[in-house]
Amino acid sequence: MRVSFDLDEVLFVSPATHKTEPPLPFPFNKIYKERLRLGTPELIRSLQEMGYEVWVYTSSFRTENYIKHLFRCYGVVFDGIVNADRHLKEVQRGHSETLPQKLPNRYRISLHIDDEAIVCSMGRIYGYDVYQLNAEDDQWKEKIIRQAEEIRKRNASI
Ligand SMILES: [Mg+2]
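Residues numbered from 1 in each chain as written. Predicted model: local features only at pLDDT ≥ 70, side-chain atom pairs only at ≥ 80, totals over all residues.

Q: Go over the overall build of the protein chain with me, naming the residues and quoting the values.
A: Looking only at helices and strands, one finds six helices and five strands in the protein chain. Reading the secondary structure of the protein chain in the N-to-C direction produces β-α-α-β-α-β-α-β-α-β-α. Principal axes of the C-alpha set define a box for the protein chain whose edges measure 45 × 35 × 25 Å. Scored against the burial criterion, the 158 residues of the protein chain give a buried share of 30%. In the protein chain, the share of contacts with a sequence separation of at least 24, taken over all contacts with a separation of at least 6, comes to 58%. (Helix = DSSP H or I, 4+ residues; strand = E, 2+ residues; numbered from the N terminus. Buried ≥ 20, exposed ≤ 12 C-beta atoms within 10 Å, placed from the backbone. Contact = placed C-beta atoms within 7 Å.)

This is how it looks when you write it as structure tokens:
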């Protein structure tokens, strides 16, 4: 089963408002200025150990290589990355109407984690499961794992 994470305000947060992972050592901290929400590498690795594929689904234009290399510095390897370029090419192209900024089910993603209310409300219309996360939450890892497990159980019983 696939789980995807938004980047901005979900995995990338400001140390002014959120607990964060320590910055990368020099010179990587000059290349990758984003700060990770505390516990990000641990959560992603736990999900992968539990048999989940973990993807990034972002509306930003950061390149796949940039995202890959940044997270590799934290020992994290994603199973898939969808950025705005890929979404426009694979999801939006060929549609005259503007589709939602994210359609996780097009990538067979069973649970997407995002901070934006619009992405969450579109889930009800377009039929994908989403967990809303933005504020600092010491329990975020446990809550996301619980949500993923519930969906996995539900899907297994269909
Ligand atoms: Mg976001």
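Q: Outline the pairing of strand β1 (residues 2-5), listing residues and values.
A: Bridge analysis of β1 against strand β2 (residues 53-57) gives four bridges, and the strand direction is parallel. What sits directly across from Phe5, in β2, is Val56. Taken together, the four bridges between β1 and strand β4 (residues 109-114) define a ladder with parallel strand orientation. Paired with Arg2 across the strands is Ile109, a residue of β4. (Pairing = 2+ DSSP bridges.)

Q: Now, about the sheet that holds β1: what can you tell me, with residues and values included?
A: With parallel pairing, the five strands of this open sheet are ordered in space as β3-β2-β1-β4-β5. At either margin of the open sheet sits one strand with a lone partner, and together these are β3 (80-82) and β5 (130-132). Ignoring strand direction, the axes of neighbouring strands in this sheet form an average angle of 20°. Direction of pairing for β4 relative to β5: parallel, over a ladder of three bridges. Note on β5: the bridge partner recorded for Asp114 is Gln132. Contacting β1, β4 and β5, helix α6 (residues 140-156) runs over the sheet at an angle of about 160° to β4. (Axes fitted to C-alpha atoms, helices over the stretch in contact; angles between N-to-C directions.)

Q: Kindly report on the nonpolar core, identifying the contributing residues and their values.
A: Counting residues in hydrophobic clusters, the biggest one holds 33 residues, and the most contacted among them are Leu47, Trp55 and Val56. Setting aside chain neighbours within four positions, we find Trp55 in contact with Arg2, Ser4, Phe78, Asp79, Gly80, Ile81, Val82, Tyr107 and Ile109. (Core = buried A, V, L, I, M, F, W, Y, C linked by C-beta atoms within 7 Å.)

Q: Go over α6, please, and point to the residues and values.
A: In this model, α6 (17 residues) spans 24 Å end to end at C-alpha, consistent with the 24 Å of a helix rising 1.5 Å per residue. Looking at α6, one finds that the buried residues are Trp140, Ile144 and Ala148. Along α6, the residues classed as buried sweep out an arc of 60° about the axis, all on the same side. In α6, the exposed positions that point more than 90 degrees away from the buried face belong to Arg146, Glu150, Lys153, Arg154 and Ala156. On the buried face of α6, the contacting elements are β1, α2 (40-49), β4 and β5. (Expected span 1.5 Å × (residues − 1). Arc of directions from axis to C-beta.)

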